[in-house]
Amino acid sequence: MLSTSTILLFGPQLALAETTGGTFREYIDTFDGYSFLYPKNWIQVRGAGADIFFRDPFVLDENLSVEMSSPSSSKYVTVEDLGPPEKAAEKVLKQYLTEFMSTRLGVRRESNVLSASSKVADDGKLYYEVEVNIKSYASNNELAVMPQDRVQKLEWDRRYLSVLGVENKRLYELRLQTPEQVFMEEENDLRRVMDSFRVVKTE
Ligand SMILES: *[C@@H]1O[C@H](CO)[C@@H](O)[C@H](O)[C@H]1NC(C)=O
């Protein structure tokens, strides 16, 4: 297969390589030390609060981001510092629930850890993978006097996938968020994104 590479240089250290070919593009951040593949048609959103953020152009609540601990204050040696994968999964879930905390009346969240596992990637490093489902129910008439009028309906049903890795004494997390229904349709592609996440040694 033919492929082309473009290297864009931002300042002295950050090299952003984008390899085209196939349905994925590779995003490499040599400054912060990570890389992954993402679906070619996804678009980058700036100022979304993460180190990097891409989203599907059509499905607005399908996106991916990378976050990491600060270089100066974190001292991670291995991803096992988080405990076993199950323990890490609880932390990930808690983090999501905190972020999606709602102050609206009549909102209820139902969450499940679907899987928590570890793998050694082709770079020889250990990664954790966590999958979580969160459902949000809301009632459209919370102030109704009669309980039977306060019916809670499913508002959204989403899959959250995280890959965690440690390098440069920092903890890195790739997060994928998508509606459960879209996940079913695009599972192979989304798993490819998850599998591609690597943490890389910086200078
Ligand atoms: C990313 O997707 C999640 C849900 O899947 C959504 O809550 C969030 O607002 C999206 N983020 C952005 C910046 O679009």
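Look a little higher up for the structure.
Quick caveat, the model's predicted, so the values are computed rather than measured.

A.B. asks: Pulling in residues and values, what's your account of the pattern of salt bridges?
C.D. replies: Considering all chains together, one arrives at 16 salt bridges under this definition. Between Arg158 and Asp61 there is a salt bridge whose closest N-O contact spans 3.8 Å. Note that Arg158 is positioned in strand S10 (residues 152–167) and Asp61 in the loop between strand S6 (52–55) and strand S7 (63–68), a separation of 97 residues in sequence. Salt bridges sharing partners connect three or more residues here, namely Glu131, Arg159, Glu180, Glu187 and Arg191.

A.B. asks: Now, about the pairing of S6: what can you tell me, with residues and values included?
C.D. replies: Alignment of strand S5 (residues 43–44) against S6, held across two bridges, turns out to be antiparallel. Bridged to Ile43 within S6 is Arg55.

A.B. asks: Describe the packing of aromatic side chains, with residues and values.
C.D. replies: Across all of its chains, the model carries 13 aromatic pairs by this definition. Measuring from centroid to centroid gives 4.0 Å for Tyr38 and Phe54, while their planes differ by 20°, and the two rings are stacked. Here Phe54 lies in strand S6 and Tyr38 lies in strand S4 (residues 34–39), a separation of 16 residues in the sequence. Each member of the pair, Tyr38 together with Phe54, is buried. Judged by centre distance (4.5 Å) and plane angle (35°), the rings of Tyr96 and Tyr160 are tilted. Taken together, the residues Tyr96 in helix H1 (residues 85–99) and Tyr160 in strand S10 connect sequence positions 64 residues apart.

A.B. asks: I'd love a proper account of helix H2 (residues 180–196), names of residues and values included.
C.D. replies: In the structure, H2 departs most strongly from a straight axis at Glu186, where the bend amounts to approximately 85°. The complete set of buried residues in H2 reads Glu180, Val182, Phe183, Leu190, Val193, Met194 and Ser196.

A.B. asks: Let's hear about the nonpolar core: which residues, and what values?
C.D. replies: One finds Tyr34, Phe36, Phe54, Leu64, Leu174, Leu176 and Phe197 to be the most contacted residues of the largest nonpolar core, which totals 24 residues. Listing elements by their share of this core, those giving two or more residues are strand S3 (24–29), S4, S6, S7, S10, strand S11 (170–179) and H2. The contact partners of Phe54, leaving out residues within four places of it in the chain, are Tyr27, Phe36, Tyr38, Trp42, Ile43, Gln44, Asn63 and Leu64.

A.B. asks: Explain the sheet that holds S7 residue by residue, including any values.
C.D. replies: In spatial order, the strands read S5-S6-S7-S11-S10-S9-S8; together these seven strands make up an open sheet with antiparallel pairing. The strands lining the two open edges of the sheet, one partner per strand, are S5 and strand S8 (107–120). Direction of pairing for S6 relative to S7: antiparallel, over a ladder of four bridges. Directly across from Ile52, in S7, lies its bridge partner Val66. Sheet strands in contact with H1 are S8, strand S9 (126–139), S10 and S11, and its direction is about 145° off that of S8.

A.B. asks: Could you give an account of the site of the ligand, naming the residues involved and the relevant values?
C.D. replies: Phe53, Asp61, Asn63, Phe100, Arg158 and Gln177 make up every residue found near the ligand. Measuring from an oxygen atom of the ligand, one finds a side-chain N or O atom of Asn63 at 2.4 Å. If the ligand stood free it would expose 360 Å²; the protein chains cover 67% of that surface. Looking at side-chain class alone, the shell around the ligand contains two nonpolar, two polar and two charged residues.

Cut-offs applied
Residue indices follow the written sequence of each chain, beginning from 1 at its first position. Residue-level local features of this predicted model are given only where pLDDT is at least 70; pairs of side-chain atoms are given and counted only at 80 or more, and the full residue set underlies all totals for whole chains, interfaces and linings. As a rule here, side-chain values come from all non-hydrogen atoms in the structure, and water together with hydrogens is ignored. Salt bridges, as used here, are contacts in which a Lys or Arg side-chain nitrogen is within 4 Å of a carboxyl oxygen on Asp or Glu. We count a stretch as a helix when DSSP gives it H or I for four or more residues in a row; a strand needs E for two or more, and each element gets its number in order from the N terminus. Two strands are counted as paired when DSSP detects at least two bridges linking them. Any two rings among Phe, Tyr and Trp, with Trp reduced to its six-membered ring, count as a pair given centres within 6.5 Å; such a pair is stacked if its planes are under 30 degrees apart, edge-to-face if over 60, and tilted if neither. Relative accessibility thresholds used throughout: buried, under 20% of the residue-type maximum; exposed, over 50%; partly exposed, between the two (1.4 Å probe, protein chains only). At any given residue, the bend is defined as the angle formed between two axes, one fitted to the seven residues that end at that position and one fitted to the seven that begin there. As used in this record, nonpolar core signifies buried Ala, Val, Leu, Ile, Met, Phe, Trp, Tyr and Cys residues forming a set joined through side-chain atoms within 4.5 Å. Two residues form a contact once any of their heavy atoms are found within 4.5 Å. A fitted line through C-alpha atoms serves as each axis, taken over the contacting stretch for helices, and the angle formed by two N-to-C directions is quoted from 0 to 180°. We call a residue near a molecule or strand when any one of its heavy atoms sits within 4 Å of it. In protein, a polar contact means a hydrogen-donor-capable atom and an acceptor-capable atom, both N or O and within 3.5 Å, with residues adjacent in sequence counting only if both atoms are side-chain atoms; elsewhere, any N or O pair within 3.5 Å suffices. Using a 1.4 Å probe, accessible areas were evaluated by the Shrake-Rupley method; residue-level cover was limited to the displayed protein chains. Any residue outside Ala, Val, Leu, Ile, Met, Phe, Trp, Tyr, Cys, Pro, Asp, Glu, Lys and Arg is labelled polar, Gly included; the first ten of those are nonpolar and the last four are charged.

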